[in-house]
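Listed below are the residues making up each chain.
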Amino acid sequence: MKEAAAALLDAVARESESRALEPEAYAKEVARLERVRGRPLFFPLLMGGVGRGARVRLADGTTKIDFIGGIGVYGFGHSDRDLLETAVVAAAADTAFQGHLAPGPEYQRVSKALLRHAGKRLRHAWLSVSGAMANENALKMILQKRAPADRMLVFENGFAGRTTTLAELTDRPAFREGLPLRGNVLHVPFYDPSDLQSTERSLAALDAHLARYPGQVAGMLFELVQGEGGFKTAPREFFVPLMERCREHGVAVWVDEVQTFARTGELYAFRTLGLEGYVDLVTVGKVLQGSAVLFSRAYNPRAGLIAGTYAGATSAMAVGARIIERLEEDNYLGPEGRIAILERRVERRFESLERRLPRAVGPRSGIGAMQAFVPFGGQADVVKDVIDVAFEEGLIVFPAGRSPCKIRMLLPVNTTDEELEAAFTILEKALARVAEDRGLPC
Ligand SMILES: Cc1ncc(COP(=O)(O)O)c(C=O)c1O
């Protein structure tokens, strides 16, 4: 079977080699797609054919180093042979999607793989297709269990997803412009490393909400590394008192790991931070190739609350399970695992970039395979320029956060030294060019 899959993949690779649009045709395709979507693309980027590792192949036959991966979709980079073979074999079994009514072996395999790392408290996994859907399911479970409590605590600058309700849990006014609001979201400041009283301040805000709405707060959403918010994280000592307070008050501790999943050194950031004793529900997505909510027995909902047609694509579930197995088998996890080592390798690259362009490279943040830095003080239009020039030169990165705005990287966990070297050479070039164009010191 593996051989048949390999033969198919070879044929697809050969075919894709011979298919490349001329620059003019490529530009027309981009414009056509933008018209169809009714929205511009962030980058003039159409994928086309077989990529390799961190390199994505575009429809014009060129390649770029992809350090954002569709905002975190490609944990092992592009066209990973083992994952493609897994996908092809799984896809050949039946039609593309599996529903919750007729789960197949891939459904079992990915659910079990997720629970293997979830610790003792989280006993169940419910699959879905997007991070937003997993979050909606988590929210429903929390609200049902804690009814009639209907208020939710969230961190300032957090992001939860794109449904109408999640847009309200997300602290970005532009993401909910024009939407009706329910007004039941309560904000707590996130960790601020420059404030020695940061933990006390957040705890005081939490206490004030609990005192103002006694018995009415259902849950608290913890995004342990803020993704959209700028790859900000906090030490364990910040989260523990907040989670303890939630538990004292029967407030559900819900960890959103849609972006952190498989990136922080363990499968879950709550394990990297040693918080497994506190978590009631966790949601995952992106690198998984689907999504899920994992939950403790106490949050198992009553019949009728969660369902939905799709559990996921069969090939995506098989690939998601295989990704977890690869992380386990090939030593990616743990304090000395390959993700932790990648973090140190990236750190060294940044240090050397900073030595050469000290005024262009500001503070760094992130953990494991999610890394960010503030270029030139973090003014959004300058950051966008750097990102655009980097794209032109062959590197794909993306913004995160506001004031300061950062450049973020969601690196493949198997990024090679050659890819890092090439990416940082381009980044340096982009920073230097923007400095020159705008007359900025670097
Ligand atoms: C922390 C977090 N939660 C939820 C989501 C929503 O996931 P999706 O876009 O798959 O619906 C995202 C996506 O960026 C995310 O980063």
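Predicted model, so just to flag it, every value in this text is computed and none were measured.

Asks: In this structure, what is going on with the overall build of the protein? I would like to understand it.
Replies: Secondary structure summary: the protein contains 14 helices and 18 strands in total. Over its C-alpha trace the protein gives a radius of gyration of 22 Å, about what one expects of a compact globule, namely 22 Å for 442 residues. Seen through its C-alpha atoms, the protein measures out along the principal axes to roughly 65 × 60 × 45 Å. Scored against the burial criterion, the 442 residues of the protein give a buried share of 48%. Sequence separation of 24 or more characterises 73% of the internal contacts of the protein that already satisfy a separation of 6 or more.

Asks: Looking at this model, I keep getting lost on the pairing of strand β7 (residues 217–222). Mind explaining?
Replies: Along any regular strand the residues' side chains alternate between the sheet's two faces. Across the six residues that make up β7, a large majority, six, are buried. Of the strand pairs in this sheet, strand β5 (residues 151–155) and β7 are connected by three bridges, and their pairing is parallel. Looking at the pairing, M152 lines up with G219 of β7. Pairing geometry for β7 and strand β10 (residues 252–257), over four bridges, is parallel. For G219, the partnering residue across the bridge sits in β10 and is A252.

Asks: Please clarify how the sheet that holds strand β15 (residues 370–375) should be interpreted in this entry.
Replies: Either a parallel or an antiparallel arrangement is found when strands of a sheet pair, and the pairing is made through backbone hydrogen bonds. If you trace the four strands from one edge of the open sheet to the other, you get β14-β15-β18-β17, paired in antiparallel fashion. Where the open sheet ends on each side, the last strands, each with one partner, are β14 (361–367) and β17 (398–400). Averaged over all adjacent pairs, the angle separating strand axes in this sheet is 35°, with direction ignored. Relative to strand β18 (residues 406–410), β17 runs antiparallel, the two being bridged by three bridges. Looking at the pairing, A400 lines up with K406 of β18. Of the strands in this sheet, β15, β17 and β18 are in contact with helix α13 (residues 380–393), which crosses β17 at around 155°.

Asks: I tried to follow the sheet that holds strand β1 (residues 55–57) on my own but got confused; where do I start?
Replies: The strand order β1-β2-β16 describes an open sheet built from three strands, whose pairing is mixed. Strand pairing shows two members of the sheet lacking a second neighbour, β1 and β16 (395–396), which therefore form its edges. In terms of strand pairing, β1 meets strand β2 (residues 63–66) through three bridges, oriented antiparallel. Note on β2: the bridge partner recorded for R57 is T63.

Asks: What am I meant to see in the nonpolar core here?
Replies: A general tendency of soluble globular proteins is for nonpolar side chains to be buried together. Judged by nonpolar contacts, the single largest core of 128 residues is most densely connected at F67 and L281. Ignoring any residue separated from it by four or fewer positions in sequence, one finds L281 in contact with A138, M141, I142, A252, W254, V293, L294, F295 and Y299.

Asks: Looking at this structure, how should I read the pairing of β14?
Replies: Two strands pair when backbone bridges link them, and β14 and β15 are joined in this way by five bridges, in the antiparallel orientation. The residue of β15 that forms the bridge with I367 is M370.

Each value, and the rule that gives it
- Residues numbered from 1 in each chain as written.
- Predicted model: local features only at pLDDT ≥ 70, side-chain atom pairs only at ≥ 80, totals over all residues.
- Helix = DSSP H or I, 4+ residues; strand = E, 2+ residues; numbered from the N terminus.
- Rg over C-alpha atoms; globule rule 2.2 N^0.38 Å.
- Buried ≥ 20, exposed ≤ 12 C-beta atoms within 10 Å, placed from the backbone.
- Contact = placed C-beta atoms within 7 Å.
- Pairing = 2+ DSSP bridges.
- Axes fitted to C-alpha atoms, helices over the stretch in contact; angles between N-to-C directions.
- Core = buried A, V, L, I, M, F, W, Y, C linked by C-beta atoms within 7 Å.

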